[in-house]
Amino acid sequence: MNNTDKTVKIYDSDKNLIGKGHLLDINNNTIKVKGHNLPILNSKKEIIIEIYHEFSGINAYYCDVSVAASNQLNANIKRSGSIIERRKSLKVRTDLSFYIDSLWRNDKDITKDVPNMKINMLNLSIGGMLISSNYNLKISDIITFNFQYEKPQVVLLKAKIIRIDKIYDEITRNLSILNYGCSFDKLSSFDEAVITKYLYDRQLQLYRNK
């Protein structure tokens, strides 16, 4: 995978998403990001840059801004974090939606408080998924739902919220969307087989639609 294939997300020090782009270059000291409508930030402003790699996961870098323009941002790396999220296999974009079976928060079943809660699955791998929802979720919330791809194969999946992506409107800077990164808990070999078949079928579908 070339650097330009690697998606980059830019956060402020409060972990609010303020921009997206693609990796132009990275070394021990500097990260260069290219894109359109990148945030124009003051020199020395502290930011967090997450670099997504399809197979290894998401690496976070704590930086301060060197140069910032609408089409390129250069940042000095102060320190790097551990991999935030490691996926065990292929991850693909999805267009699936499911109603949840249950929602647990602080070890309490609060499903009755969220009637008709629905999740939209934005991407999926054996390791986890990215979702949006018609209810606000919190870190460490646990959801269960029936994943069905081919009849009669239905698997009950259990997922824990491990990350919240706050996406802001580029013009008003008002909070626009919340997306949730989730990890799956204790998948059986059968569950993995069902998900894997969907992933490869979906990847083929996306390739054909290019």
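Computed from a prediction, not measured in an experiment: that's the story for all the values here.

Peer 1: I keep staring at the overall build of the chain and nothing clicks. Help me out?
Peer 2: When you go through the chain residue by residue, the secondary structure sums to one helix and 13 strands. In the chain, the order of α-helices and β-strands from amino to carboxyl end is β-β-β-β-β-β-β-β-β-β-β-β-β-α. Counting every position in the chain, which comprises 210 residues, the buried fraction comes to 44%. Of the contacts made within the chain by residues no fewer than 6 positions apart, 54% connect residues no fewer than 24 positions apart. For the chain, the accessible area works out to roughly 11,900 Å², and carbon and sulfur atoms hold 46% of it.

Peer 1: In this structure, what is going on with the nonpolar core? I would like to understand it.
Peer 2: Within soluble globular proteins, side chains that are nonpolar generally end up buried alongside one another. Formed by 30 residues in total, the largest nonpolar core has its most connected members in Met 129 and Phe 147. Counting only elements with at least two residues in this core, the list comes to strand E7 (92-105), strand E9 (118-124), strand E10 (128-133), strand E11 (142-148), strand E12 (154-168), strand E13 (175-184) and helix H1 (189-208). Ranked by residues supplied to this core, first place goes to E7 with five residues. The residues touching Phe 147, leaving out its near neighbours within four places in the chain, are Leu 96, Phe 98, Met 121, Leu 124, Gln 153, Val 154, Val 155, Leu 157, Val 194, Ile 195 and Tyr 198. Core analysis: the next-biggest nonpolar cluster, separate from the first, contains 18 residues, Ile 18, Ile 31, Tyr 61 and Cys 63 among them.

Peer 1: What is the right way to look at the side chain of Asp 64 in this model?
Peer 2: Relative to the elements of secondary structure, Asp 64 occurs in strand E5 (residues 57-68). At 4.9 Å, Lys 78 is the nearest oppositely charged side chain to Asp 64, a buried residue that forms no salt bridge. Excluding residues that lie within four positions of it along the chain, Asp 64 makes contacts with Lys 44, Lys 45, Glu 46, Ala 75, Asn 76 and Lys 78.

Peer 1: Just checking my understanding: could you explain unusual backbone geometry for this structure?
Peer 2: Excluding glycine, residues mostly carry a negative phi; peptide bonds, for their part, are mostly trans. The phi angle at Lys 44 is positive, at roughly 80°, despite the residue not being glycine. Within the secondary structure, Lys 44 is located in the loop between strand E3 (30-34) and strand E4 (46-53). The phi torsion at Ser 140 lies on the positive side, around 80°, for a residue other than glycine.

Peer 1: Could you clarify how one ought to interpret the packing of aromatic side chains in this entry?
Peer 2: Centre-to-centre distance and the angle between the planes together describe a pair of aromatic rings. Counted according to the given criterion, the structure contains three aromatic pairs. On the numbers, 5.6 Å between centres and 45° between planes, the contact of Phe 98 with Phe 147 is tilted. Placement of Phe 98 in strand E7 and of Phe 147 in strand E11 is noted, with a sequence separation of 49 residues between them. Here the aromatic rings of Phe 147 and Tyr 198 are separated by 5.8 Å at their centres, their planes lie at 80°, and the arrangement is edge-to-face. In this pair, Phe 147 is assigned in strand E11 and Tyr 198 in helix H1, connecting sequence segments 51 residues apart.

Peer 1: What should I look at first to understand the pattern of salt bridges in this one?
Peer 2: Oppositely charged side chains may form a pair once their charged atoms are brought near each other. If you walk through the whole model with that rule in mind, you get eight salt bridges. The shortest N-O distance in the salt bridge between Asp 165 and Lys 9 comes to 3.2 Å. Note that Asp 165 is positioned in strand E12 and Lys 9 in strand E1 (residues 7-12), a separation of 156 residues in sequence. Like Lys 9, Asp 165 is buried.

Peer 1: Before we go on, may I ask you to explain the environment of Val 155 in this structure?
Peer 2: When you line up the elements, Val 155 lands in strand E12. According to the relative accessible area criterion, Val 155 is buried, its value standing at 2%. Distance in space between the C-alpha atoms of Val 155 and Leu 187 is 9.6 Å, their sequence separation being 32 residues. Ignoring any residue separated from it by four or fewer positions in sequence, one finds Val 155 in contact with Phe 145, Asn 146, Phe 147, Phe 190, Asp 191 and Val 194.

How each quantity is defined
- Residues numbered from 1 in each chain as written.
- Predicted model: local features only at pLDDT ≥ 70, side-chain atom pairs only at ≥ 80, totals over all residues.
- Heavy atoms only, no water.
- Helix = DSSP H or I, 4+ residues; strand = E, 2+ residues; numbered from the N terminus.
- Buried < 20%, exposed > 50% of the residue type's maximum accessible area, 1.4 Å probe, protein only.
- Contact = heavy atoms within 4.5 Å.
- Areas by Shrake-Rupley, 256 points an atom, 1.4 Å probe, with all protein chains shown as cover.
- Core = buried A, V, L, I, M, F, W, Y, C linked by side-chain atoms within 4.5 Å.
- Lys, Arg positive; Asp, Glu negative; His and termini not counted.
- Salt bridge = Lys/Arg side-chain N within 4 Å of Asp/Glu carboxyl O.
- Phe/Tyr/Trp six-rings, centres within 6.5 Å; stacked < 30°, edge-to-face > 60°.

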